[in-house]
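Reading the structure
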Amino acid sequence: MATLSHDLAIEILRGLSVKDLLRFQCVSKLWCSSINDSYFIKLHLSDSLKTNTNHFLILRKCGYDFVSVNYDSPKTTQRLNHPLGEQKKLLKIMGSCNGLLALIDDDNRIFLWNPSTRKSRVLPSTEIDFSSASSFFPRSTYYGFGYDPISDDYKLVRMVQLHGNNKGYLHSEAKVYSLRSNCWRRIKDFCFYLILHRKFGILANNALHWMVFKTPQSWKQNLVGFDLGTEEFRFLELPDLCLDKLFCYDIKAMGGYNCLTATYRDSNDVVAEVWIMKEYGVKESWVKLISWNQPHLLSCFPSVVVVPLAFSKNGDKVLFSSDVHTVQS
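Residues numbered from 1 in each chain as written. Predicted model: local features only at pLDDT ≥ 70, side-chain atom pairs only at ≥ 80, totals over all residues. Heavy atoms only, no water.

The protein chain is annotated in an unreviewed UniProt entry as F-box domain-containing protein of Gossypium trilobum.

Structure (structure tokens):
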């Protein structure tokens, strides 16, 4: 009886889903060793990214449940078993990259979780370096999670800023967690202001991105990026929009690009514009993807913010989400 060569078997395995690979680990010790080999894992991931396969949208449901949604068939869902199991604790997704999710719970415990393999890890905690006197002031905490191909390392960024009286700022710090070393380290402080209580960064072009303010008194939001390789911050220019409108911004990653949603009121309508930065860091490369009016949503701006969630596999559809309902265009 003819048998497959090992090289041919590996080529076949590269095209399978993670779920199937987990099942085929039981075929033999050789297959199990090959499937868990770091080189094979990188090959499988690279193939999935190139062919746009094995892609699912993971949504949080009721605060502590997660479901996996097929990009091209949104009605096809699957409930996922997250690291906390049946515990009814609030979990939030801080970011995702290459099939890994960074989660945070009510106790500020941070997890890295692979829904496909069902493996997870609790990250070591790290203190915030500020004096006991300043601990009574409100704070903003921004996170971001991504992969650095230069160092072949997954990194989690945490920025903390304490707010004093009269919009003064007493303290800020930035730290990076490295999965390779399994520890946190302090990096150079940032020169911008965090207004919201908590925000999670968006990964695109090997950098994490947030909407921030250059001064505490400013009403204008700015886009800042953190390069995961150099570990430096930089501002990126936004597209030219109507200056007489009050915009509510949201930044996402779509197809590997930075995607900006600008929502504003025009008479009784809520208008949403979606822009994509085709060439990273170049202001002139912002391209308007779509713009539409929503006349029957909530009348109190900016209660309704519409954001894109994902492209379909062939790229001809975009799935959007709003505070009221989800629409497909």
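Core analysis: the biggest nonpolar cluster contains 16 residues, and Met 94, Ile 110, Phe 145 and Leu 156 have the highest contact counts within it. Listed by contribution, the elements that provide at least two residues to this core are β4 (91–97), β5 (100–105), β6 (110–114), β8 (139–148) and β9 (153–163). Those residues in contact with Phe 145, other than ones at most four positions away along the chain, are Gly 95, Ser 96, Cys 97, Leu 100, Ala 102, Leu 112, Tyr 154, Lys 155, Leu 156, Leu 203 and Leu 208. Ranked by size, the runner-up nonpolar core spans 15 residues in total, among them Val 176, Trp 210, Val 212 and Val 224. (Core = buried A, V, L, I, M, F, W, Y, C linked by side-chain atoms within 4.5 Å. Buried < 20%, exposed > 50% of the residue type's maximum accessible area, 1.4 Å probe, protein only. Helix = DSSP H or I, 4+ residues; strand = E, 2+ residues; numbered from the N terminus. Contact = heavy atoms within 4.5 Å.)

The subject of this paragraph is the pattern of salt bridges. In the structure shown here, the tally under the stated rule is 12 salt bridges. Close ionic contact of Asp 152 with Arg 180 constitutes a salt bridge, the shortest N to O distance being 3.2 Å. Residue Asp 152 is located in the loop between β8 and β9, and its partner Arg 180 is located in the loop between β10 (169–178) and β11 (183–187); the two are separated by 28 residues in the primary sequence. Judged by its relative accessible area of 27%, Asp 152 is partly exposed. Taking the shortest distance from any N to any O, the salt bridge between Arg 158 and Glu 173 comes out at 3.1 Å. With Arg 158 in strand β9 and Glu 173 in strand β10, this residue pair connects regions lying 15 residues apart in the sequence. One salt-bridge network, in which partners are shared between bridges, spans Asp 148, Lys 155, Arg 185 and Glu 231. (Salt bridge = Lys/Arg side-chain N within 4 Å of Asp/Glu carboxyl O.)

Moving on, we come to the sheet that holds strand β15 (residues 222–227). What the four strands build is an open sheet, ordered β13-β14-β15-β16; its pairing is antiparallel. Looking at which strands have only one partner, the edges of the open sheet turn out to be β13 (202–204) and β16 (233–236). Pairwise comparison of adjacent strand axes, ignoring direction, gives a mean angle of 35° for this sheet. (Pairing = 2+ DSSP bridges. Axes fitted to C-alpha atoms, helices over the stretch in contact; angles between N-to-C directions.)

Okay, the packing of aromatic side chains next. Per the stated rule, a full pass over the model turns up nine aromatic pairs. Look at Tyr 147 and Tyr 154: their rings are 4.8 Å apart centre to centre, the planes differ by 45°, and that puts the pair in the tilted class. Each member of the pair, Tyr 147 as well as Tyr 154, carries the same accessibility label: buried. Consider the rings of Tyr 177 and Trp 184, whose centres lie 5.6 Å apart with planes at 50°: the pair is tilted. Of the two residues examined, Tyr 177 and Trp 184, each falls in the buried class. (Phe/Tyr/Trp six-rings, centres within 6.5 Å; stacked < 30°, edge-to-face > 60°.)

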